[in-house]
Amino acid sequence: MDPLDAGSGGILRQPKAVWATAGASVVAFMGIGLVDPILPSIASGLDATAGQVSLLFTSYFLITAVAMLLTGFVSSRVGGRRTLLLGLALVVVFAGLSGTSGSVGELVGFRAGWGLGNALFVSTALAVIVGAAAGGSAAAILLYESALGLGMACGPLLGALLGDASWRYPFFGTAFLMAVGFLCIAVFLKEQPRPARRTSLLDPVRALGHGGLASVAASAFFYNYTFFTVLAFTPFVLDMSPYRSGAVFFAWGVLLAVFSVIVAPRLQKRFGSLRVLGGSLVLLAADVLVLGYGDHTTAVVCTILSGAFIGVNNTVYTELALGVSDAPRPVASAGYNFVRWFAAAAAPFFAPRIEEWTGSLRIPFVVAAVTAAAGALVVLVRRGALTLRAEEAAPRHATRDGVGVFVN
């Protein structure tokens, strides 16, 4: 059955609850790239350095990483609907407060609270969509990944459009949109069945004792350092107006969405998950290296092109994390994301400081190229622990007990 077939209960024929959750997911993922085009404006408005402003990402993802141990614990006790609403409420409050910040320290702190809310929401959204969707899990996963791609593409665009007037407006805009999402879920989504077994805080950590899952998480850790060097550091290198920077990252997000939802599954079917992942990581390493050493036009092209490799990697890593071990998918996903989000927090912190220490804009991208290659090396060395279940998981995506977390 084709999940795109509107006449077969596919992606276009879904209950209102599914559309409400998917719509809120788009806004949640928009929040990740929202600040990209306005980073220089924030630095100017708050009299802050690039290193200080990059902490907006570090605080956000550091809290997100730690919160991965909390999300399953909370949702297995209060239910998916209440977890979604709690996450949305936190985002509304802290996104709104971010727009009122009088210093970069306040803004970093409010972004940390935003990260907690976003973690609670996105860690639960896929499970809720799968549980409520018509047409089976394939349509639900495709809808979720489409929401992710759309959000990642539109976040920088919204940030540019609102941020051109003031860097504060994108935060207020996000708070408003998430408040609308809160109301839609409160009205249209009924409570979902709770798991038969409650998740403990340490279950995700225990799941990492599986060699295959630990290998996927380690490889994804290196990859995410590269990913978020591009996302958080490149805007300072491009040094463009919010509109121009927003357009660049919108094109980046479009490629991410297309390659994540359409191209990656076809490549996996033809070449296998591990070959696709290893090859894409090597190409990403080459891309960021050229980005660092090229002229301004080359940097723009390579930034946009990186979205294609990132989209492929996100999809394959998600499927590996959900299928490589025998742990329940929510637990495996939480453990995997607990590891990889630490790299998302580290890259925005270290990239500008490496530039300061070395006096070169190129070296942060050299480091990013090395980490992408390291991720590919982990896949190569540990392919024996990944191959069998990876190939079984590739066409399957996830089933009704699965949870994907910005999974890419």
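See the structure shown above.
Attention in this report is confined to the structure presented alongside it. (Residues numbered from 1 in each chain as written. Predicted model: local features only at pLDDT ≥ 70, side-chain atom pairs only at ≥ 80, totals over all residues. Heavy atoms only, no water.)

Brief notes about the overall build of the chain
For clarity, the threshold we go by: Every helix listed is a DSSP run of H or I at least four residues long, and every strand listed is a run of E at least two residues long, numbered separately from the N terminus. For each residue, the accessible area found with a 1.4 Å probe, counting protein chains only, is set against the maximum for its type, and the residue is called buried under 20%, exposed over 50%, and partly exposed in between. Any two residues having at least one pair of non-hydrogen atoms within 4.5 Å are treated as being in contact. Accessible areas in this description were obtained via Shrake-Rupley with a 1.4 Å probe; residue shielding takes into account the shown protein chains only.
Looking only at helices and strands, the chain has 16 helices and zero strands in total. Here the chain, with 408 residues, has 58% of them falling under the buried criterion. Within the chain, residue pairs in contact and separated by at least 24 positions form 86% of the contacts whose partners lie at least 6 positions apart. Carbon and sulfur atoms make up 67% of the accessible area of the chain, which amounts to about 15000 Å² in all.

Considerations on the packing of helix α10 (residues 211-238) against helix α12 (residues 273-293)
Heads up, the condition is: Simply put, an axis is a line fit to the C-alpha atoms, just over the touching stretch for a helix, and the angle between two N-to-C directions goes from 0 to 180 degrees. An angle below 35 degrees is treated as roughly parallel, one above 145 as roughly antiparallel, one from 65 to 115 as roughly perpendicular, and anything else as oblique. Each crossing gets its handedness from the near helix: less than a right angle anticlockwise from the far helix is left-handed, clockwise is right-handed. For this classification, Asp, Glu, Lys and Arg are treated as charged, while Ala, Val, Leu, Ile, Met, Phe, Trp, Tyr, Cys and Pro are nonpolar and the rest, including Gly, are polar.
Following both chains from N to C, one finds α10 and α12 inclined at 30°, their axes separated by 12 Å at the closest point. One way to sum up the angle between α10 and α12 is to call them roughly parallel. You can see that α10 and α12 cross each other, and the crossing is left-handed. Together, S219, Y223, T226, V230 and T234 of α10 and L281, L284, V288 and L291 of α12 make up the contact between the two elements. Tallied by class, residues from the contact of α10 with α12 come to six nonpolar, three polar and no charged.

Thoughts on the nonpolar core
Keep this limit in mind: What makes a nonpolar core is a set of buried Ala, Val, Leu, Ile, Met, Phe, Trp, Tyr and Cys residues whose side-chain atoms join them at distances within 4.5 Å.
One finds I42, F61, F121, F171, I185, F228 and W252 to be the most contacted residues of the largest nonpolar core, which totals 117 residues. Of the residues forming this core, the biggest block, 14 residues, is contributed by α10. Contact partners of F61, with chain neighbours within four places excluded, come to I32, F228, W341, A344 and A345.

Some points on the pattern of salt bridges
Pairing is possible between side chains that carry opposite charge, provided their charged atoms lie close to one another. How we decide: Think of a salt bridge as a Lys or Arg side-chain nitrogen and an Asp or Glu carboxyl oxygen that are within 4 Å of each other.
Taken as a whole and judged by the stated rule, the model has one salt bridge. We note a salt bridge from D203 to R206, for which the minimum N-O separation is 3.0 Å. Of the two residues, D203 and R206 both sit in helix α9 (residues 203-207), three residues apart, roughly one turn of that helix. For R206, a relative accessible area of 55% puts it in the exposed group.

So, the packing of aromatic side chains
Keep this limit in mind: Here the aromatic set is Phe, Tyr and Trp, taking the six-membered ring for Trp, and pairing holds for ring centres within 6.5 Å; pairs whose planes are under 30 degrees apart are stacked, those over 60 apart are edge-to-face, and all others are tilted. Any Lys NZ or Arg CZ found within 6 Å of a ring centre and within 35 degrees of that ring's normal is scored as a charge over the ring.
Tallied over the full model, the rule gives 16 aromatic pairs. Arranged with centres 5.9 Å apart and planes meeting at 80°, the rings of F221 and F222 form a pair that is edge-to-face. On the basis of relative accessible area, F222 is assigned to the partly exposed category, the value being 29%. Put simply, the rings of Y60, F61, W114, W167, F171, Y223, F227, F228, F249, W252, Y317 and W341 touch in pairs and so form one group of aromatic residues. The ring of W341 carries the charged tip of R340 above its face, separated from the ring centre by 4.5 Å. The residue whose ring lies beneath R353 is F349, and the NZ or CZ to ring-centre distance is 4.0 Å.

Quick look at the side chain of N118
Mapping N118 onto the fold places it in helix α6 (residues 104-132). Using a relative accessible area of 4% as the deciding quantity, one classes N118 as buried. In this view, N118 contacts A28, I32, Y60, V91 and S123; residues no more than four positions away in its chain are not counted.

Remarks on helix α4 (residues 55-78)
Here is the rule we go by: Each residue after the first adds 1.5 Å to the expected span of a helix.
With 24 residues, α4 should reach 34 Å at 1.5 Å per residue; the first-to-last C-alpha distance of 32 Å fits that figure. Just downstream of α4 lies G79, where phi reads positive at about 95°.

Some details on a nonpolar patch on the surface
Short version of the rule: By definition, no residue in a patch forms a salt bridge, and every one has over 30% relative accessible area; like charges are joined within 9 Å, nonpolar side chains (Val, Leu, Ile, Met, Phe, Trp, Tyr) within 5 Å.
A cluster of nonpolar side chains, contributed by L70, L201, L202 and V205, occupies part of the molecular surface with about 300 Å² of accessible area. With respect to the helices, strands and loops of the structure, L201 is situated in the loop between α8 (169-188) and α9.

Quick word on unusual backbone geometry
A positive phi angle, close to 55°, is found at D47, a residue other than glycine. Position of D47 relative to the elements: it lies in the loop between α2 (39-45) and α3 (50-53). The class for D47 is exposed, based on a relative accessible area of 72%.

Topic: the environment of T83
The residue T83 is located in helix α5 (residues 80-98) in this model. Taking the C-alpha atoms as reference, T83 lies 6.3 Å from L120; in sequence the two are 37 residues apart. Sequence-distant contacts of T83, that is, excluding residues within four places in its chain, are made with V74, S75, V78, L120 and T124.

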